[in-house]
Amino acid sequence: MNSYHIEKPFALIIFGASGDLAKLKLFPALYSMAEQKHLPKEYHIVGYARTKIEKENFQKEFSDSIKNHFKHATKSHLNETILKELTSHVSYVSGQYDKLDDFKKLRSHLSKITNNKEITTLAYFSVPPQVFQNIIGNLGETKRHENEDIRLILEKPFGEDTESARELFHFVARYFKEENIYLLDHYLGKAAVQSLLHLRHSNRLINMMMKGPEVANIQITAFEKLGVTSRAGYFDQVGTIKDMVQSHLLQILALITMSIPITENAVGLHREKYSILSALKFIESRKNIVLGQYESYNKEKDIPKNSKTETFAAMRLFIDRESWYKTPIYIRTGKKLDEKHTYVVVELKKFAFQPKDEEPNRLIFELQPNERINIRLVGGEISTSGTVSSTTESMPEHSMLLLDVIRKRRLHFLSFEEIIATWQITDKILAFIEKAKLKPEKYPDFSPGPTGQDQLTTIDDFKWFDIPEKK
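Residues numbered from 1 in each chain as written. Predicted model: local features only at pLDDT ≥ 70, side-chain atom pairs only at ≥ 80, totals over all residues. Heavy atoms only, no water.

### Quick word on the overall build of the protein
Turning to step 1, where the next piece is worked out: Looking only at helices and strands, the protein has 13 helices and 16 strands in total.
Turning to step 2, where the next piece is worked out: Whereas a compact globule of 471 residues would reach a radius of gyration of roughly 23 Å, the protein reaches 23 Å, a difference of no more than 12%.
Turning to step 3, where the next piece is worked out: Seen through its C-alpha atoms, the protein measures out along the principal axes to roughly 75 × 55 × 45 Å.
Turning to step 4, where the next piece is worked out: Counted over contacts in the protein with a minimum sequence separation of 6, partners at least 24 positions apart contribute 78%. (Helix = DSSP H or I, 4+ residues; strand = E, 2+ residues; numbered from the N terminus. Rg over C-alpha atoms; globule rule 2.2 N^0.38 Å. Contact = heavy atoms within 4.5 Å.)

Here it is in structure tokens:
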């Protein structure tokens, strides 16, 4: 039997069902789950949003968004029979997020479609964080009983700084136990990112090479060719440091540098990641951070003409632990650059007698668009590469993470402690930017980004490793 097949019935409520995240990511993810036969016989998908729309029209929106997704997918095809069956499980309730009566109406709808049976309920928050507390409070107030199986799936951002994140977690705890809360960073659903843990846990050679005393520096690069697109309003409020570094890239950093827990369970993994994230150190100096903004940013729809929001950020960090003492970590990420690429470079130390101009040995983890590990060894121009394999099946990250929630697997979700730790280092960086009055450097659209990024690595006599390599 398919190890990911779900037997027990469930109901999935998607709050913000009329928004872009639901249409672009969640609806296609549900189709993939159905197409690969992971869903039980009885399940219910309930859209909830402020938009007033009839069930049949919402079902058409649901179906059309999946068709549109596959129209642009190069390696997939759509099965109309599966889509029709999936859509038959879809219903819709319109309501406000701050009105208890509307949630009572939602509760009545759930009772009706489940014949008043009590089944697992998943509540997916595809909404801005400003309405999280309203939804959490109203869900808590309309529970059948204290121990009803309601699982909250909160996708980042979790708050906007350390204080607001703490406030959110304290509020959630008033209504739901921690075991019922799934804090989702979709990057952790990517097969290649999940493979980082599996590779280190199962490959003695690779794990030995990635020990702090063996590593000269670590570089994490996440470049995008797209600009802010439809997320302009949200992005301009947060910038790329909050959008990319605070969550996705610091999580990758933790997976690369943490000690490997003996068993692959959520408690051990969260503990080891937290031990890294809570030890991150940013030395306050203009030399340790570079900001950029692509030239056409202020001409984008919904972007103020005088906006100083950064679309590119590069920084130099350290881990304040004995095993990583004085090992620099360089992180850079940006939009509207010349390549779409996410990769990690672990550069190994040289022997004292090696020529200074000789290339170092490197471990290169490519996460997207390719998913592979490349080990580059000098001395004989040896280069060996292999595809990053995963213990998971080939599905979109949101599909895998939804399945994990249904199966109560917390390994690839975040802990409250990790989020607080990432906000603390992020707040420190942002406070320095404000205090130092740093302004983003303009860079041409579809270029490699601001030239100032090179200053970060030259401090330590290193240089960025670029994929594809610059000639």
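### Considerations on the packing of helix α10 (residues 266-277) against helix α12 (residues 416-436)
Turning to step 1, where the next piece is worked out: Direction vectors running N to C along α10 and α12 enclose 15 degrees, while the axes themselves pass 9 Å from each other. The orientation of α10 with respect to α12, classified from their angle, is roughly parallel. α10 and α12 meet at a crossing whose hand is left-handed. Seen from α10, the contacting residues are H270, K273, Y274 and L277; seen from α12, they are E417, E418, A421 and T422.
Turning to step 2, where the next piece is worked out: Residues belonging to the contact of α10 with α12 are distributed by class as follows: 3 nonpolar, 2 polar and 3 charged. (Axes fitted to C-alpha atoms, helices over the stretch in contact; angles between N-to-C directions. Parallel < 35°, antiparallel > 145°, perpendicular 65-115°, else oblique. Left-handed = near helix turned anticlockwise from the far one by under 90°. Nonpolar A, V, L, I, M, F, W, Y, C, P; charged D, E, K, R; others polar.)

### A word on the pattern of salt bridges
Turning to step 1, where the next piece is worked out: Applying the stated rule across the entire model yields 22 salt bridges.
Turning to step 2, where the next piece is worked out: Its salt-bridge partner being D149, residue R151 comes within 2.8 Å of it at the nearest N-O pair.
Turning to step 3, where the next piece is worked out: Of the charged contacts in the structure, one is a salt bridge between D404 and R409, with a shortest N-O distance of 3.4 Å.
Turning to step 4, where the next piece is worked out: With relative accessibility at 30%, the residue R409 sits in the partly exposed group. (Salt bridge = Lys/Arg side-chain N within 4 Å of Asp/Glu carboxyl O. Buried < 20%, exposed > 50% of the residue type's maximum accessible area, 1.4 Å probe, protein only.)

### Details of a positive patch on the surface
Turning to step 1, where the next piece is worked out: On the surface, a cluster of positive charge is made up of R286, K299, K305, K308, K437, K439 and K442.
Turning to step 2, where the next piece is worked out: The residue K305 is located in the loop between β9 (289-294) and β10 (312-319) in this model. (Patch = residues over 30% accessible without salt bridge, like charges linked within 9 Å, V, L, I, M, F, W, Y side chains within 5 Å. Areas by Shrake-Rupley, 256 points an atom, 1.4 Å probe, with all protein chains shown as cover. Lys, Arg positive; Asp, Glu negative; His and termini not counted. Charge placed at Lys NZ, Arg CZ, Asp CG, Glu CD.)

### A closer look at the layout of surface pockets
Turning to step 1, where the next piece is worked out: The computed volume of the second largest pocket comes to approximately 320 Å³.
Turning to step 2, where the next piece is worked out: Together, 14 residues line the second largest pocket, and E347, K350, K356, D461 and F462 are the ones closest to its centre. (1 Å grid on protein atoms, 1.4 Å probe; cavity = no way out; pocket = protein on both sides within 12 Å on 5 of 7 lines; lining within 4 Å. Points joined across faces, edges and corners; volume = space filled by probe spheres on them.)

### A short note on the sheet that holds strand β2 (residues 43-49)
Turning to step 1, where the next piece is worked out: If you trace the 6 strands from one edge of the open sheet to the other, you get β3-β2-β1-β4-β5-β6, paired in parallel fashion. Edge positions in the sheet fall to β3 (90-94) and β6 (181-184), since each has one partner strand and no second. Put simply, the sheet's adjacent strands are angled 20 degrees from each other on average, direction ignored.
Turning to step 2, where the next piece is worked out: As judged from the 4 bridges shared by strand β5 (residues 150-155) and β6, these two strands associate in the parallel manner. (Pairing = 2+ DSSP bridges.)

### Examining the packing of aromatic side chains
Turning to step 1, where the next piece is worked out: Counting across every chain of the model gives 21 aromatic pairs.
Turning to step 2, where the next piece is worked out: Connected via pairs of aromatic rings, a cluster forms that spans F15, Y48, Y97, F103, F125 and F132.
Turning to step 3, where the next piece is worked out: Above the plane of the ring of Y187 lies K190, whose end atom (NZ or CZ) is 5.2 Å from the centre.
Turning to step 4, where the next piece is worked out: The side chain of R410 reaches across the aromatic face of Y182, ending 4.5 Å from its centre. (Phe/Tyr/Trp six-rings, centres within 6.5 Å; stacked < 30°, edge-to-face > 60°. Lys NZ or Arg CZ within 6 Å of the ring centre and 35° of its normal.)

### Things to note about α12
Turning to step 1, where the next piece is worked out: Taking 1.5 Å of rise per residue, 21 residues should cover 30 Å, and α12 covers 30 Å from first to last C-alpha, within 8% of that figure.
Turning to step 2, where the next piece is worked out: After α12 finishes, the residue K437 shows a positive phi value of roughly 55 degrees. (Expected span 1.5 Å × (residues − 1).)

### Some details on unusual backbone geometry
Turning to step 1, where the next piece is worked out: With an omega of 10 degrees, the peptide bond between K156 and P157 qualifies as cis.
Turning to step 2, where the next piece is worked out: Within the fold, P157 resides in the loop between β5 and α6 (162-173).
Turning to step 3, where the next piece is worked out: Phi is positive for N115, which is not a glycine, with a value near 55 degrees.
Turning to step 4, where the next piece is worked out: By secondary structure assignment, the location of N115 is in the loop between α4 (100-113) and β4 (120-125).
Turning to step 5, where the next piece is worked out: For K437, which is not glycine, the phi torsion reads 55 degrees and is therefore positive.

### Section: the confidence of the model for the protein
Turning to step 1, where the next piece is worked out: In the predicted model, the protein carries a mean pLDDT of 91, and 94% of its residues have values of at least 70.
Turning to step 2, where the next piece is worked out: Note that residues 380-385 has pLDDT below 50 and, in this model, 11 contacts with residues that lie over four places away or in other chains. (pLDDT = per-residue confidence, 0-100.)

### Comments concerning the pairing of β3
Turning to step 1, where the next piece is worked out: Most of β3 is tucked away, with 4 of its 5 residues classed as buried.
Turning to step 2, where the next piece is worked out: Relative to β3, β2 runs parallel, the two being bridged by 5 bridges. Bridging across to β3, I45 finds its partner in V90.

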